[in-house]
Amino acid sequence: MGLRVLVTGGAGFLGSHLCEKLLQQGHDVLCVDNYFTGSKDNILHLLDHPRFEVIRHDVTFPLYVEVDRIYNLACPASPIHYQFDPVQTTKTSVHGAINMLGLAKRVKARILQASTSEVYGDPEVHPQTEDYWGRVNPIGIRSCYDEGKRCAETLFFDYWRQHQLEIKVVRIFNTYGPRMHPNDGRVVSNFIVQALKGQDITIYGDGMQTRSFCYVNDLIDAMMRMMESRVDFTGPVNIGNSGEYTMRQLAAVVIKLTGSKSQLIFKPIPQDDPKQRRPDISLAKKELNWSPTIPLEEGLNDTIQYFKDRI
Ligand SMILES: NC(=O)c1ccc[n+]([C@@H]2O[C@H](COP(=O)([O-])OP(=O)(O)OC[C@H]3O[C@@H](n4cnc5c(N)ncnc54)[C@H](O)[C@@H]3O)[C@@H](O)[C@H]2O)c1
């Protein structure tokens, strides 16, 4: 039977894919977004759907709606956007979590938090497992996002211990795919846009820092499995792709797939930029019976096509 599902940040990159998938599965979907980084274009194709509703709302203010499930995704996700108004970023994570947890408690909804690998900061252990507490700078320029997300996790676990709320926490690692923002400084979109425009591809530092990249469809599948996992499995659980690539390798693949003539240029590395980032996804494999299925080149091809249509 279809559930009533609230998706905060539903007009964003991940949120719009999630809304789409939930509708396909027969649920009623309520998308809440203040369009800070999301856009109506991302959900335009869903607006005529009889089971889809949208509310323009800022999650730092309370919301009263009757729902069975809450996916809490509202939060700018890229440094350019979350550093634009850092106080609002912390408020979105912290007040947003308080408001959504309060709602979940009131209507007895199950609630999932879109947390992030950034809670691990610049980690000393590789790959990161969920029991690693992280190494986060509390006063740096990334802290509004990292600490905001950490505090949101704290709130989720306190609501679980104190109020027996059904909580789910996923720690998302770099995800890419159609509907990413073209200019938000994230590496996959940066490289693709630069390659398609024939511009130089910007690498920060020596390009030997690594990241792992998960295709959006794989990520959404894991998030939905997590939401419907057994009640006593709260997470946190890492979701991502454990294939690890240096920035130089990623640039080479993008250049190959776009057939671009772009050259690499090197710029100084930004403050607190992690040197290495790779999820250990053993827990997700075990508890959710999930692992990513879409190879990097296949996902990149779809993403390149999306940007080609828009440039
Ligand atoms: N994409 C990734 O690789 C990644 C990695 C780790 C975590 N996450 C998390 O997943 C979630 C979604 O990320 P995304 O990549 O889709 O980013 P996004 O910026 O595309 O989506 C975030 C959405 O939240 C909305 N929003 C922001 N502040 C709001 C507020 N105060 N009230 C209501 N809506 C608000 C934005 O308008 C946007 O639609 C975020 O919480 C992010 O931290 C994403």
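Treat the numbers as computed from the prediction; the structure is a model and nothing was measured. (Residues numbered from 1 in each chain as written. Predicted model: local features only at pLDDT ≥ 70, side-chain atom pairs only at ≥ 80, totals over all residues. Heavy atoms only, no water.)

I would appreciate a short explanation of the side chain of glutamine 209 in the present structure.
Relative to the assigned elements, glutamine 209 resides in the loop between strand 8 (201-204) and strand 9 (210-212). The class for glutamine 209 is buried, based on a relative accessible area of 7%. A distance of 3.2 Å separates a polar side-chain atom of glutamine 209 from the backbone nitrogen of glycine 207. (Helix = DSSP H or I, 4+ residues; strand = E, 2+ residues; numbered from the N terminus. Buried < 20%, exposed > 50% of the residue type's maximum accessible area, 1.4 Å probe, protein only. Polar contact = N/O pair within 3.5 Å; in protein donor to acceptor, adjacent residues only side chain to side chain.)

Could you clarify how one ought to interpret the pattern of salt bridges in this entry?
Oppositely charged side chains can form a pair if their charged atoms are brought close together. This structure, assessed with the given rule, holds 17 salt bridges. Measuring nitrogen to oxygen at the nearest pair gives 3.8 Å for the salt bridge that ties glutamate 124 to arginine 135. With glutamate 124 in the loop between strand 5 (110-116) and helix 4 (143-163) and arginine 135 in the loop between strand 5 and helix 4, this pair connects stretches of sequence that are 11 residues apart. For glutamate 124, a relative accessible area of 51% gives the class exposed. The network of salt bridges with common partners includes Arg230, Asp232, Lys286 and Glu287. (Salt bridge = Lys/Arg side-chain N within 4 Å of Asp/Glu carboxyl O.)

Can you walk me through the site of the ligand in this structure?
In the vicinity of the ligand, 31 residues are found, and the nearest of them are Asp33, Thr37, Tyr145, Lys149 and Arg186. Phenylalanine 13 has a polar backbone atom sitting 2.8 Å from an oxygen atom of the ligand. The side chain of tyrosine 145 places a nitrogen or oxygen atom 2.5 Å from an oxygen atom of the ligand. For the ligand, whose free accessible area comes to 820 Å², the fraction covered by protein is 98%. Among the elements of the structure, helix 1 (13-24), helix 3 (86-107), strand 5 and helix 4 are those that each provide at least two residues to the shell around the ligand. (Near = heavy atom within 4 Å. Areas by Shrake-Rupley, 256 points an atom, 1.4 Å probe, with all protein chains shown as cover.)

Help me understand the nonpolar core, please; the structure alone is not making it clear to me.
It is characteristic of soluble globular proteins that their nonpolar side chains tend to be buried jointly. With 61 residues, the main nonpolar core has Leu18, Tyr71, Val188, Phe191, Met223, Leu250 and Leu300 as its most contacted residues. Counting residues per element, this core draws most heavily on helix 6 (residues 216-227), which supplies 8 residues. Those residues in contact with phenylalanine 191 that sit more than four places away from it in its chain are Ile201, Thr202, Ile203, Met247, Leu250, Ala251 and Val254. Judged by nonpolar contacts, the second largest core, of 26 residues, contains Val59, Ile70, Ala104 and Tyr159. (Core = buried A, V, L, I, M, F, W, Y, C linked by side-chain atoms within 4.5 Å. Contact = heavy atoms within 4.5 Å.)

It is not clear to me how the packing of helix 3 against helix 4 should be interpreted in this structure. Could you clarify?
The description of two packed helices rests on the angle between their axes and on the distance between the axes. For the pair helix 3 and helix 4, the least separation of the axes is 8 Å and the interaxial angle reads 15 degrees. In terms of orientation, helix 3 lies roughly parallel with respect to helix 4. In the packing of helix 3 onto helix 4, the handedness of the crossing is right-handed. Along the contact surface, helix 3 presents Pro86, Thr89, Thr90, Ser93, Val94, Ala97, Ile98, Leu101, Gly102 and Lys105, while helix 4 presents Cys144, Tyr145, Gly148, Lys149, Cys151, Ala152, Leu155, Phe156, Tyr159 and His163. Taken together, the residues that form the contact of helix 3 with helix 4 break down as 12 nonpolar, 6 polar and 2 charged. (Axes fitted to C-alpha atoms, helices over the stretch in contact; angles between N-to-C directions. Parallel < 35°, antiparallel > 145°, perpendicular 65-115°, else oblique. Left-handed = near helix turned anticlockwise from the far one by under 90°. Nonpolar A, V, L, I, M, F, W, Y, C, P; charged D, E, K, R; others polar.)

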